[in-house]
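For reference, the chains in residue letters:
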Amino acid sequence: MQSITYTASSPGKLILCGEHAVVYGRPAIALPLRDLRATVAVMPAPSPGIHFAALDLSDKWRLDQRPDDSLSLLVGETLRYLNAQPNLALMIRITSVIPIASGMGSGAAVATALVRALAAFFTADLSAATISELVYQNERRLHGTPSGIDNTVVAFEQPIWFERKNQTHTPHPSSLTPSMEPITIAAPFTLLIADTGVRSATKLPVGDLRRRWQADTPRYEALFDQIGGVAHAVRAALAEGNMPELGRLLDQNHVLLCELGVSSTELDTLVAAAKHAGALGAKLSGAGWGGVMLALVDPGDATRVAASLRTAGAASVLETMVTAAEISANRL
Ligand code: MEV
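Residues numbered from 1 in each chain as written. Predicted model: local features only at pLDDT ≥ 70, side-chain atom pairs only at ≥ 80, totals over all residues. Heavy atoms only, no water.

(A) Spatial organisation of unusual backbone geometry. Even without glycine at this site, Ser58 takes up a positive phi of about 50°. When you line up the elements, Ser58 lands in the loop between β3 (49-54) and β4 (59-62). A residue is classified by how much of its surface remains accessible, and Ser58, at 69% relative accessible area, is exposed. You will see that Trp289, though not glycine, has its phi angle at about 65°, which is positive. Along the chain, the position of Trp289 falls in the loop between β9 (281-285) and β10 (292-297). Its relative accessible area of 29% is what places Trp289 among the partly exposed residues. (Helix = DSSP H or I, 4+ residues; strand = E, 2+ residues; numbered from the N terminus. Buried < 20%, exposed > 50% of the residue type's maximum accessible area, 1.4 Å probe, protein only.)

(B) Molecular detail of the site of the ligand. Every residue close to the ligand is listed here: Lys13, Ile15, Glu19, His20, Val22, Val23, Pro146, Ser147, Ile149, Asp150 and Ala287. Note that an oxygen atom of the ligand is positioned 2.9 Å from one of the side-chain N or O atoms of Lys13. A distance of 2.8 Å is found between an oxygen atom of the ligand and a backbone nitrogen or oxygen belonging to His20. Across the complex, the protein chains shield 97% of the 300 Å² of accessible surface that the ligand would expose by itself. Counted by class, the shell around the ligand contains six nonpolar, two polar and three charged residues. (Near = heavy atom within 4 Å. Polar contact = N/O pair within 3.5 Å; in protein donor to acceptor, adjacent residues only side chain to side chain. Areas by Shrake-Rupley, 256 points an atom, 1.4 Å probe, with all protein chains shown as cover. Nonpolar A, V, L, I, M, F, W, Y, C, P; charged D, E, K, R; others polar.)

The values are spatial; any link to function lies outside them.
Structure, rendered in structure tokens:
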């Protein structure tokens, strides 16, 4: 075992379009948020056992005290994967600047940084695909039926086109196999990300939508088809650098998400405020019922639209420049 500290970090994420429908086999586009990161440090502990310290939450526990905690289970699985010796004395320190339950992938980022830091500690070279798969199992424990888009964009840390493809012609989400492709972004563009301040666990709107889909499958399948069509058109607009078209499509995606029943008064208020202040397009991002929305803006309009978002009740506003290679997010 090594005697020094190993640290790894992972970005948050933003879903540009296609959330929820992606669980049911339609495509979606996700972006990593390079400057909004979770960091995990792994080091030897002075006493036996695996010790966790979630510093932002002032929470500490030992793995054997909370064996069913999702991070405890993830550590167990990762150590088994790494063939690490049992009876370790390890300290795992977690910090994150990604707001929890806000639609920005905080859970996937913490889990990914944790797997990366453990792999570094045990000098193992895990591929992004392996890390993503380990984190996907963790997402399943937290969310029940995740599409896998969050763990994939966070582990690969690049803008992605993500789809769970139907291999069996059975229209059930669990029978779909994930696939990911990089996307072409012809021209950089600016997004504002405004947080409603309302925390909502992903599994709640996802589970509620699942029940409604079961009760009226044709209605929801038709909405998912329309959202899938929007995702294809967004991909084309990004490849052409056509910002007015991208804005129009984001608006359309928000209307469809409202029809799915995953928006909220707070999200709709921020979307309307952004549009009123001159955003090219705006929509909720992530699971909904709270969390964040995004607005596509001309860079020169960013300050004005951000001010309107704050006046309309946004708890915080980030400005994000999206380019082919990297995405940075700065607090305004
Ligand atoms: C959550 O970030 C995105 C959802 O589509 C759920 C999922 O894809 O697992 C709402």
